[in-house]
Structure formats: C-alpha cells, structure tokens
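# Examining the three-dimensional arrangement
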Amino acid sequence: MDNTIDAQNVLMRVQQLTVEFPIQSTKIFSLGKQNFQALSNVSFEIRQGVTLGIVGESGSGKTTLARTLAGLIEPTVGSVSIAKNITPTRDIQFVFQDSLAALNPRMTVEQLILEPLDYQLPKMDVQQRQQKLKQSMEQVGLDYAQRQRYAHEFSGGQCQRIGIARAMITEPEILICDEPVSALDVSVRAQVINLLKDLQSQHGLTLIFIAHDLSLVRFISDEIIVLYRGRIVEQGHTEQVFNHPGHPYTRALIEVEPRPDPEFERQRVPVPIRSQNELEISELACVYVGRCKNRQSKCTQRQPEQRVLSDKQNVACFYPLKYPK
Amino acid sequence: MSGDIDSTILFEGPVESTGRRVWLRLKQNRAALVSMSLIMVVIVAALIGPMLSSYSIDDIDYDAIAVAPSISNGHLFGTDGLGRDLFVRTMEGSRISLLIGVVATLVSLLIGIHYGAIAGYYGGRVDAVMMRIVDILYSMPFMFFVILLMVFFGRNIFLIFIAIGAINWLDIARIVRGQTLSLKQQGYVEAARIYGASHWQIIKRHIIPNLFGIVIVYITLTIPQVILVESFLSFLGLGIQEPMTSLGALVSDGAEEMESSSWMLIFPALFLSLLLFCFNFIGDGLRDAIDPKQAD
C-alpha cells in the first residue's frame, strides 16, 4: 500500500486487484501448486465521505476484499493505493462481524478501546487518554462508569459499540465494516446502523460497508458493488442499481430479498436457481453463465469486461437488462 | 490514574492492575486461601524448624533409636532406625522437595513457554522442525537419561533439577504451542494487527496473558509431579544422597518400617500429601481468578 494518489477526493483506489489462496492438496505427492482465486480483477475508487456498500452471496469474496483493504492480505496481482494524507494503520480502521471474538477476554473496556493508541500514539499522557476514552465511550452510547468491565459482561450490541469506539479512537478517515450487524438481532441492528450513520455525518467518515442484507445496504450506502465469485458484476449508484439492475445476478439478488408485504410474499413465485453443473463451462466463460437465464453462446466463450451502462452504473455483462423509458 | 476529569463519574476508585484484580478474586476462594497459608507455614517451618531443634540432620541419638514421638526426650516426630531426629529430617526433606519442585518447574516453564510460543506463533516449517525435535526428545527413555547424567557428572542436586526440567519442558512446549496456534487465529489478534501492533506487542499483550490460565494449571500439576519423580529417583538411589534427604526419600524409608514404627511413615507422608493437596487447590483458585470468563 505504498502507492499514493493525487486525484481530488479519492481516498483509496483499487486497481486490477487479484487475490489467490493456495489450495491444500489432499494428496501427499502432488505435483504443482493449485490456487483458488478469491478475487479477480477488482477495480474501484472510494471518494471521501461516501458510503460504499459491498454485497454478494457467501463465498463471493466480500470478506477477502475487506481484509485486503485493511492490509491483512497481500494482493497477488494489482494494487490498493491510498491518498497521500492517509496513514494506513491509523486512518483505516475495521469493525468486525464477530465483535466479541475481536475483543481480548482478559482486557477491560478501557484497555480495549485505548489499545490502538498504545501502538499509534504511545506517548499520549494519562489525562488525555482518559479524556479520549470518555469521549469515545459516550459517542457510541456506552457508560463511562463501566470502563473497568470485561467484554463478556456486555451484550452483543454493546460489544459492537466497544468495537466501534476502538476503531474510532484514532480518528480514522475510512471505516471498513465487515458485516457489522449480521450477528445482532433486528432491534439492535438498527441502533448500530444509526450509530454508524451518525458517526459518519459528525466526522465526515468514509464507510466501506459489507453485508449480505440488501435492504440494509440500500439504506446506508451511496454507492454499491455487487460481487459474484470474486468478480465485480455490477457497480454504481445505489438507487440506480436497485431500481434498474443491469446484471441478471443483481436482479436475482433483489428479487429473492424478502419484502415486508404479506400479499406480495404469498404470491411470490420462487425463482429457480440453475445449478452450476448443468453444462460444461470453460474456464474462460462468464462467471455467472451457469446460473444465467439470458445466456447466449458468447457468454460461454469469454468473460465480459465491465462496461458503462450509464454515468451512474457499470456492468460486466454482454447483454445487460433493459428497461422501458 | 484516578478519574478526576469530570465530577459526574459514578464509578470512583483506583484503576486496578491485572495482578491486583487476580488477587482480589483469589481472596474469595477459601480453599486456595487456606492452602496458601498452609504452604506458607510449611515453608517457614522448613526454613527455621531445623534451627529450633537441638539436633541436626545427621546427629545420631544413641539413647533413642527408633523411638516414638514424645515431648520429654525432645524428638517431636520420633527418631528413625539410626536414631536421627525425624522432625529435623522432615523439615529438611520438605525444604529440598519444595526446592526441587519449584526450581525444576521454573526451568521447564522457561524453556517450554518460549519454545512452544515461537513454534506456534511462526507456524509452518519452523513449527514442524521444532516439534519434531520435541518428538525425538520424547522418545528418549527418562531413566536412561538420568543414569547417563549421573555417570558423567557424578551425583549432584543440580543435576536432578536439570534432568527433571529437561524432560518436563517437552510437555509444556507442546501445550503452549497448541494454545498459541489457536490464540493467533483469534479475532483480537487480527484486530491488533490492523491497529498496527508489532509481533512482539501481539505476543506480549494477547498471546502470553491468554496462556497464563493453562500454564498455571500446568504448574500445579507439575510441582507435585516433580516432587514425586524426585522421590522415585531417591528410592532408586539416584536422587538425594544421605545424610541429605527429601520427603520422597523419607517416605520410602518409612514405608519399610511402617509395621513396627508407623511414625517414620506418617509424618513425612503427611507433609508430602499436604503439599500436593495445597498446590492443587491453589492452582484451581488461580485459574479461576485469572480467567474471569471461566469463573462466572
């Protein structure tokens, strides 16, 4: 992450990012190493103050992408560049899905929240640290009086608040949230989401929000990236993508999303999802071809490049869906 | 670090260190507390007991050979078959047994924790090579090793420390390595990496404190075990040499005479079991105090 960028407002630029993991062979005497591509050729930009939602089903590479952006995984190919004024460990912070597991059980809330300061600003004096602690605990809605307690003494929602307070203590520019609410129940979910939104408006944060809950992503994000098997199949402004999805996968995702409307749900026709093994798929084919309803011969021959659908939307499909004007 | 920033603070009081917290919790555990006082008593008795008696460890009282305990002749625990005062010998024996138990355990901890933590934290090839070395050492017969040491370097109490410590660290290394492997996968280790912690900071803050619980439990298992191994060696004539003695040596001597003179077995055996029990209770208490999650 040593590349820096000059363009206005762009905090982070991801270019042709590919991440591969070696596959452990079960055979003892295997020849050659096999790799699994968790992400392939992913490119996008993040501008200041924007919330970027990343959606996709399980195994689509969402978490790999988040971890790569946080610097935990080295890209195999491609690069993640950041703006000049950004220090990775201080200005890019992370909120975890499993908030309790991300908190050391032997540390008090005070020690947990102040932990990043120990690494980033070890010389800060005690008074200042306490001031920051109090401020950040109150900011996320925790009681400062409870600072001597351990993480397991708090509820799931409170643990996530501790995690957010810890991430915010270094006053970051970018907050990467990896499914921050999927382990919480619905009422707490809304509170945490609103907290993130409040923090964003108060501090001008840039949020990268990863989730599989589409309605949540639609609510919180300005821009959206749809991942399918490690590739970006569609990206653009949230409303544009939700109202006029260009990729058949995006539309399928939106269609299967439950709606709070019993009439609609009763009349819902289940969408048959084609199984992956229905036809022989060449390595070069479009990743979605096995499940695509609109596939044509071209789709089995090569992977479509991303193309501009409108000024607010890019899609990686040869035959994007069309809508009457 | 008192919270005098704002007058609205509800929770006042000194900010506690981890050690203080552990102590406060430990104080709640009655069995551990009683055990600690008993061990303190034994330690004090072992240190100053022999000085209070008019006999020394190898004084032979020809007027009182194998006599039962009595206050009148000054032999509180009686005498052994050679007329040596058993009170003095039991105290000396406790001292030696405690010393061997603690020193040999510390030696094996020192080696085992470092070895295991390095193997577990770095993983991969480093781990594989280091743990195969442990496997090879494991396969060496313990008695053979001890006899070899004795033959080469002569009988020496420090050799016993080294021999026991050198065998015991293998267990600790394996346990610590396994624990480290699972600890380094924890979310909070990953979080610390994102917050910019170095390897050393992660090991110091997140790995070692979380190893404490298991290591403490292991210490309490190891100290009594070492005391027993030492008595085994003494029994075979490879351990402590006369006129020096240990609890193990005293018990094995007493066992031979137990039908005619039961006191020769009862007193050393009492002290030995007292020590073993107390260490186990303290270990239980410490584990609960250190791991607040498990105790609740």
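Definitions and limits used
- Residue positions are given per chain, counting from 1 as you read along its sequence in written order.
- Naming scheme: in the order in which they are written, chains are lettered from A and ligands are numbered from 1.
- Residues qualify for local features only when their pLDDT is at least 70, as the model is predicted, and side-chain atom pairs are given and counted only at 80 or more; totals for whole chains, interfaces and linings, by contrast, use all residues.
- The side-chain numbers reported here are obtained from all heavy atoms of the structure, hydrogens and water having been left aside.
- Strands are runs of DSSP state E lasting at least two residues, helices are runs of H or I lasting at least four, and both sets are numbered from the N terminus onward.
- Our radius of gyration is a C-alpha quantity, and the globule rule it is checked against amounts to 2.2 Å times the number of residues to the power 0.38.
- Should any heavy atoms of two residues lie within 4.5 Å, those residues are counted as being in contact.
- Accessibility throughout is a Shrake-Rupley quantity obtained with a 1.4 Å probe, and a residue counts as covered only by protein chains that appear here.
- For patch building, the residue pool is restricted to those with more than 30% relative accessible area and no salt bridge; the joining distance is 9 Å between like charges and 5 Å between nonpolar side chains (Val, Leu, Ile, Met, Phe, Trp, Tyr).
- Every case where a carboxyl oxygen of Asp or Glu lies within 4 Å of a side-chain nitrogen of Lys or Arg is listed as a salt bridge.
- Charged residues are defined here as Lys and Arg on the positive side and Asp and Glu on the negative side; His and the ends of the chain fall outside this count.
- A charge is said to be at NZ when it belongs to Lys, at CZ for Arg, at CG for Asp and at CD for Glu.
- Three exposure classes are used, based on accessible area relative to the maximum for each residue type with a 1.4 Å probe and protein chains only: buried under 20%, partly exposed in between, and exposed over 50%.
- Here a cavity is any set of points on a 1 Å grid over the protein atoms alone where a 1.4 Å probe fits but cannot get out, and a pocket is any open set with protein on both sides within 12 Å along at least 5 of 7 lines; a residue lines the site when it has an atom within 4 Å of a point.
- Grid points are joined across faces, edges and corners, and a volume is the space filled by probe spheres set on the points.
- Under the scheme applied here, ten amino acids are nonpolar (Ala, Val, Leu, Ile, Met, Phe, Trp, Tyr, Cys and Pro), four are charged (Asp, Glu, Lys and Arg), and all others, including Gly, are polar.
- Note on pairing: DSSP must find at least two bridges between two strands before they are called paired.
- The angle between two axes is taken between their N-to-C directions and runs from 0 to 180 degrees, where each axis is a line fitted to C-alpha atoms and a helix contributes only its stretch in contact.
- The criterion is simple. A nonpolar core is a set of buried Ala, Val, Leu, Ile, Met, Phe, Trp, Tyr and Cys residues joined through side-chain atoms within 4.5 Å.
- Here, expected helix span is obtained from the residue count minus one, scaled by 1.5 Å.
- The term polar contact refers here to a pair of N or O atoms within 3.5 Å; inside protein, the definition further demands a hydrogen-donor-capable atom paired with an acceptor-capable atom, and it admits residues adjacent in sequence only when both atoms are side-chain atoms.

### As for the overall build of chain A
Scanning chain A from terminus to terminus reveals 10 helices and 12 strands. Expected size for 325 residues packed as a compact globule is a radius of gyration near 20 Å; at 22 Å, chain A falls within 12% of this value. The dimensions of chain A, computed from C-alpha atoms along their principal axes, are 70 × 55 × 45 Å. Counted over contacts in chain A with a minimum sequence separation of 6, partners at least 24 positions apart contribute 64%. Of the roughly 16100 Å² of accessible surface on chain A, 48% is carried by carbon and sulfur atoms.

### Considering a nonpolar patch on the surface
Judged by side-chain polarity, Val44, Leu47, Ile48, Met51 and Leu52 of chain B come together as a nonpolar surface patch covering roughly 540 Å² of accessible area. Looking at where valine 44 of chain B falls in the secondary structure, it is placed in helix 2 (residues 30–52).

### A word on a positive patch on the surface
A surface patch of positive charge is lined by Lys298, Arg302, Arg307 and Lys322 of chain A. Position of lysine 298 of chain A relative to the elements: it lies in the loop between helix 10 (262–267) and strand 11 (307–310).

### Focus: the pattern of salt bridges
Residue and element names in this part refer to chain A. Across all of its chains, the model carries 19 salt bridges over all chains by this definition. Between glutamate 110 and arginine 147 there is a salt bridge whose closest N-O contact spans 3.9 Å. You can see glutamate 110 sitting in helix 3 (residues 109–120) and its partner arginine 147 sitting in the loop between helix 4 (126–139) and helix 5 (156–168), a full 37 residues away along the chain. One exposure class covers both glutamate 110 and arginine 147, and it is buried.

### Some words on empty space enclosed by the protein
Residue and element names in this part refer to chain A. Evaluated as defined, the whole model comprises 3 cavities of 30 Å³ or more. Reported here for the largest cavity is a volume of approximately 90 Å³. Lining the largest cavity, in full, are His247, Pro248, Cys286, Tyr288, Val289, Cys292, Asn294, Cys299, Pro304, Cys317, Phe318 and Tyr319. Here the residues of the lining of the largest cavity are counted per class, giving 10 nonpolar, 2 polar and no charged.

### Concerning unusual backbone geometry
Residues and elements named next belong to chain A. The backbone of glutamine 16 sits at a positive phi, close to 45°, despite the residue not being glycine. The topology assignment puts glutamine 16 in strand 2 (residues 10–23). For glutamate 171, which is not a glycine, the phi torsion comes out positive at approximately 50°. As for its position among the elements, glutamate 171 is in the loop between helix 5 and strand 7 (174–178).

### A look at the sheet that holds strand 6 (residues 92–95) of chain A
Residue and element names in this part refer to chain A. Taking strand neighbours across the sheet as the criterion, the 8 strands line up as 6-7-8-4-9-10-12-11 in an open arrangement whose pairing is mixed. Edge strands, defined here as strands with exactly one partner in the open sheet, are strand 6 and strand 11. Averaged over all neighbouring strand pairs, the angle between strand axes comes to 20°, with direction disregarded. As judged from the 6 bridges shared by strand 9 (residues 223–228) and strand 10 (residues 231–237), these two strands associate in the antiparallel manner. Its bridge partner being in strand 10, isoleucine 225 is matched across the sheet by glutamine 235. Docked against the sheet, helix 9 (residues 248–256) engages strand 9 and strand 10, running at close to 100° with respect to strand 9.

### Brief notes about the nonpolar core
One broad rule of soluble globular proteins: the nonpolar side chains tend to lie buried together. The biggest cluster of nonpolar side chains holds 59 residues, and the ones touching the most others in it are Ile113, Ile164, Leu175 and Phe209 of chain A. In contact with isoleucine 164 of chain A, other than residues within four places in its own chain, are Val95, Val140, Val192, Leu195, Leu196 and Leu199 of chain A. Grouped together as the second largest cluster of nonpolar side chains are 52 residues, Ile46, Leu227 and Ile232 of chain A together with Leu109 of chain B included.

### Digging into helix 4 of chain A
Residues and elements named next belong to chain A. Taking 1.5 Å per residue as the helical rise, helix 4 with its 14 residues ought to reach 20 Å, and the 20 Å between its terminal C-alpha atoms agrees with that figure. Looking at helix 4, one finds that the buried residues are Arg129, Gln130, Lys132, Leu133, Lys134, Ser136 and Met137. Of the residues flanking the start of helix 4, the one acting as N-cap is aspartate 125, its side-chain oxygen 3.1 Å from the backbone nitrogen of glutamine 127.

### Thoughts on the pairing of strand 9 of chain A
Residues and elements named next belong to chain A. Summarising burial for strand 9: 6 of the 6 residues are buried, a large majority. The alternating pattern of strand 9 places Glu223, Ile225 and Leu227 and Ile224, Val226 and Tyr228 on opposite faces, both of which are buried. Summarising the sheet, strand 4 (residues 51–55) and strand 9 pair through 4 bridges and their orientation is parallel. Paired with glycine 53 across the two strands is isoleucine 224, which belongs to strand 9.

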